[in-house]
Amino acid sequence: MAAPRILVTGATGMVGSALCRLLHEQGFAVRAAVRCGPQATPWPSVVTGELGSDTDWRVALEDCQAVVHLAAAVHDQRGRLSEADYWRINHQATLTLAEQSAALGVRRLLLVSTVKIHGESSIPGQPFRETDPARPDDAYARSKWAAEQAVWQVAEATGLEVVVVRPPLVYGPGVKANFLQLLRWARRGLPLPLGKIHNQRSLIGLANLTTFLQRCLTHPDAAGQTFLVADRETWSTGALYQALARAQGVHAPVWPLPRVVLQALLPSTLEQRLCASLAVSTDQATQRLGWQPPYSAETQLADTVTWYRQGGRPWPP
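What this report covers is the structure whose coordinates are included nearby. Computed from a predicted model, the values in this text were never measured in an experiment. (Residues numbered from 1 in each chain as written. Predicted model: local features only at pLDDT ≥ 70, side-chain atom pairs only at ≥ 80, totals over all residues. Heavy atoms only, no water.)

Thoughts on the overall build of the protein
And step 1. From N to C terminus, the protein includes eleven helices and ten strands.
And step 2. Over its C-alpha atoms the protein spans a radius of gyration of 20 Å, differing by no more than 12% from the 20 Å that the globule rule assigns to 317 residues.
And step 3. When its C-alpha atoms are laid out on the principal axes, the protein stretches across 60 × 40 × 40 Å.
And step 4. Among the 317 residues that make up the protein, the fraction classed as buried is 50%. (Helix = DSSP H or I, 4+ residues; strand = E, 2+ residues; numbered from the N terminus. Rg over C-alpha atoms; globule rule 2.2 N^0.38 Å. Buried < 20%, exposed > 50% of the residue type's maximum accessible area, 1.4 Å probe, protein only.)

What to know about unusual backbone geometry
And step 1. Unlike most non-glycine residues, Asp-63 shows phi in positive territory, near 65°.
And step 2. The residue Asp-63 is located in the loop between α2 (58-61) and β4 (66-69) in this model.
And step 3. At Ala-177, a position not held by glycine, the phi torsion is positive, near 60°.
And step 4. Locating Ala-177 in the fold gives a position in helix α5 (residues 177-188).
And step 5. The exposure class of Ala-177 is partly exposed, given its relative accessible area of 43%.

What about the sheet that holds strand β8 (residues 201-205)?
Think of a sheet as strands paired side by side through backbone hydrogen bonds, with each pair either parallel or antiparallel.
And step 1. Spatial ordering of the open sheet is given by β7-β8-β10, a layout of three strands whose pairing is mixed. Looking along the sheet, the strands with just one partner apiece sit at the ends: β7 (169-171) and β10 (234-235). (Pairing = 2+ DSSP bridges.)

Some remarks on the pairing of strand β1 (residues 5-9)
And step 1. Counted residue by residue, β1 has four buried out of five residues, so it is predominantly covered.
And step 2. Relative to strand β2 (residues 29-34), β1 is paired through five bridges, and the arrangement is parallel. Paired with Ile-6 across the strands is Val-30, a residue of β2.
And step 3. Read as a crossover between parallel neighbours, the route from β1 over helix α1 (residues 14-25) to β2 is right-handed.
And step 4. Bridge analysis of β1 against β4 gives four bridges, and the strand direction is parallel. Residue pairing in the sheet places Ile-6 in a bridge with Ala-66 of β4. (Right-handed = clockwise from strand over helix to strand, strands pointing away.)

Looking at the environment of Val-261
And step 1. One can find Val-261 in helix α8 (residues 259-265).
And step 2. A relative accessible area of 30% means that Val-261 is categorised as partly exposed.
And step 3. Considered as a pair, Val-261 and Pro-193 are 68 residues apart in the sequence and their alpha carbons are 9.8 Å apart.

A short note on the pattern of salt bridges
And step 1. Summed over all chains, the structure comprises eleven salt bridges.
And step 2. Note that Arg-166 is salt-bridged to Glu-148, the shortest N-O span being 2.6 Å. Of this pair, Arg-166 sits in strand β6 (residues 161-166) while Glu-148 sits in helix α4 (residues 139-158), placing them 18 residues apart in sequence.
And step 3. Relative accessible area serves as the criterion here: at 6%, Arg-166 is assigned to the buried category.
And step 4. Connected via shared salt-bridge partners are Arg-107, Arg-108 and Glu-161. (Salt bridge = Lys/Arg side-chain N within 4 Å of Asp/Glu carboxyl O.)

Details of the pairing of β4
Working note: regular strand, side chains alternate between the two faces of the sheet.
And step 1. Here β4 shows a buried face lined by Ala-66 and Val-68 and a second buried face lined by Val-67 and His-69.
And step 2. By the bridge criterion, four bridges tie β4 to strand β5 (residues 108-112) in an arrangement that is parallel. Bridging across to β5, Ala-66 finds its partner in Arg-108.

Here we look at the side chain of Gln-300
And step 1. With respect to the secondary-structure elements, Gln-300 resides in helix α11 (residues 297-309).
And step 2. Of the polar contacts made by the side chain of Gln-300, one reaches the backbone nitrogen of Asn-208; its length is 3.1 Å.
And step 3. Not counting chain neighbours up to four residues away, the residues in contact with Gln-300 comprise Tyr-171, Gly-205, Leu-206, Ala-207, Asn-208, Asp-231 and Tyr-295. (Polar contact = N/O pair within 3.5 Å; in protein donor to acceptor, adjacent residues only side chain to side chain. Contact = heavy atoms within 4.5 Å.)

Considering the sheet that holds β2
And step 1. Sheet architecture is open: seven strands sit in the order β3-β2-β1-β4-β5-β6-β9, paired in parallel fashion. At either end of the open sheet lies a strand with only one pairing partner, and these are β3 (45-47) and β9 (225-228). Here the average twist between neighbouring strands, direction ignored, is 20°.
And step 2. As judged from the four bridges shared by β6 and β9, these two strands associate in the parallel manner. When the sheet's bridge partners are listed, Val-164 is paired in β9 with Thr-226.
And step 3. Packed on one face of the sheet, α1 meets β1, β2 and β4 and runs near 170° to β1.
And step 4. The strands touched by helix α3 (residues 83-103) within the sheet are β1, β4 and β5, with β4 carrying the most contacts at an inclination of about 175°. (Axes fitted to C-alpha atoms, helices over the stretch in contact; angles between N-to-C directions.)

Focus on the side chain of His-69
And step 1. Relative to the helices and strands, His-69 resides in strand β4.
And step 2. Classification of His-69 by relative accessible area gives buried; the value is 1%.
And step 3. In this structure His-69 touches Thr-9, Trp-57, Thr-94, Leu-97, Leu-109, Leu-110, Leu-111 and Val-112, once residues within four positions along its chain are discounted.

And the structure:
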């Protein structure tokens, strides 16, 4: 029998490239949808151009049994994306992909969304669950929530199998943004005033996330479900920072500064990211799919540090 053909959008990103490699190694016929090309990979790629309501996915979708949709506009630290940009890329392009997938006989569409659907923080001791209400707080989260609703509407109208995955922060070789900044600070042994911050944050390593996405592609009980997914471990920001320092052979102290002082000193968005909790329950993934994270956070942090100390080259190699 021919290997199932899987289309991966956003295939040049950190998660997309790692997922393509895993699926290729597991015997799937991988096809990558990329914004521009060509790509020097063992699997073929199809250029779809910029994303929006008029994106033509049909060539990329031909003969595919399933799609993993990772392409998205994510957090824009430089402020170059408007709410309309997020809506066009994350909602409209996703709706078009779902409609064309159903029309071409694709069986399953796996949409990778975000835990931020539920908001920016969880109550300590009360991790988010899939049944919790949606409270998206920014343009990115609002556009991803709209994308989720759009694919469910297509599923109801056409019978397309839909799976939605809402990961928290993803780390691993190729990580960027705030996690990369923590790596840099830890490498220098800089002290951070987080010793009195006992928040709870869920993360997911790249290796754990890609194995879960593969499970969602093939497990019959994944269809029609939404999943929160994370590593086994939860972290306070200070504990995570010290773990990153230890993995680099560095001592990085955390000073015991009360949170009220941090609230007075730091911009509110930065204070929230450093001090608030954002934890998730993975009971749904465990009970319905029998999934347990196969890799420890320690192993995945070590892989991330190795990549970083080797110069942060594009990943996979």
